[in-house]
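A closer look at the structure
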Amino acid sequence: VAASGSSGTLYRYVVGVESSANLQANSVAGTIAGVLNDPRSWTGDGEARFALVGESKAEVRIQLASTKTAAAVCGSDAAASYACAKGKTAVINAAQWKTPPASFAGNLAAYRTFLINHAVGLLLGKSEADCGGKGSKAPVMMPQGAGLNGCKANPWP
């Protein structure tokens, strides 16, 4: 999938889906491409753009992994519970991909959007964030699956 926009650093990425996740890789890749090419995502500020490419042309990887694999890559069960970035790989826990937490009120599409934006934000070097105040939108870099601390769920940067 070609990158949207013409400004910003181009990240050529490939999507990997661990076979034990029992997910369709093409469907997952389409969802990720749709989110990353949305102007509400990291492409919106003109600093980054994303192109889904084949393995041989990829510079970064977005991987849906089992909890066990995520823990091995991320270094701890806590980080592996949701998402992490190691080197040029963003890891999303496939168990999280399948089931939204109560903080997202059952909205699976919004939660997947959050997971993608949060994981890619980590890959881009963005720092974790806290709730800015009761009733405000949660920063996408806040680990929203663990609770909202008074903020409102927000899948977009």
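These lines cover the structure that appears in this document, whether it is placed above or below. Remember, it's a predicted structure, so these values are computed and weren't measured experimentally.

Quick notes on the sheet that holds strand 3 (residues 60–65)
Read from one edge to the other, the open sheet built from five strands follows the order 2-1-3-5-4, with strand pairing classed as mixed. Each having just a single partner strand, strand 2 (48–52) and strand 4 (83–86) make up the two edges of the open sheet. Direction aside, neighbouring strands of the sheet carry axes that sit 25 degrees apart on average. The sheet contact formed by strand 1 (residues 9–17) and strand 3 spans five bridges and is parallel. Looking at strand 3, one finds that Val 15 is bridged to Ile 62.

Some words on the packing of aromatic side chains
Overall, the coordinates contain five aromatic pairs when judged by the stated rule. On the basis of an interplanar angle of 25 degrees and a centroid distance of 5.6 Å, the ring pair of Tyr 11 and Phe 50 is categorised as stacked. Placement of Tyr 11 in strand 1 and of Phe 50 in strand 2 is noted, with a sequence separation of 39 residues between them. Residue classification places Tyr 11 among the partly exposed residues on the basis of a relative accessible area of 24%. Among the aromatic residues, ring-to-ring pairing joins Tyr 11, Tyr 13 and Phe 50 into one connected group.

Basis of the calculations
- Residues numbered from 1 in each chain as written.
- Predicted model: local features only at pLDDT ≥ 70, side-chain atom pairs only at ≥ 80, totals over all residues.
- Heavy atoms only, no water.
- Pairing = 2+ DSSP bridges.
- Helix = DSSP H or I, 4+ residues; strand = E, 2+ residues; numbered from the N terminus.
- Axes fitted to C-alpha atoms, helices over the stretch in contact; angles between N-to-C directions.
- Phe/Tyr/Trp six-rings, centres within 6.5 Å; stacked < 30°, edge-to-face > 60°.
- Buried < 20%, exposed > 50% of the residue type's maximum accessible area, 1.4 Å probe, protein only.

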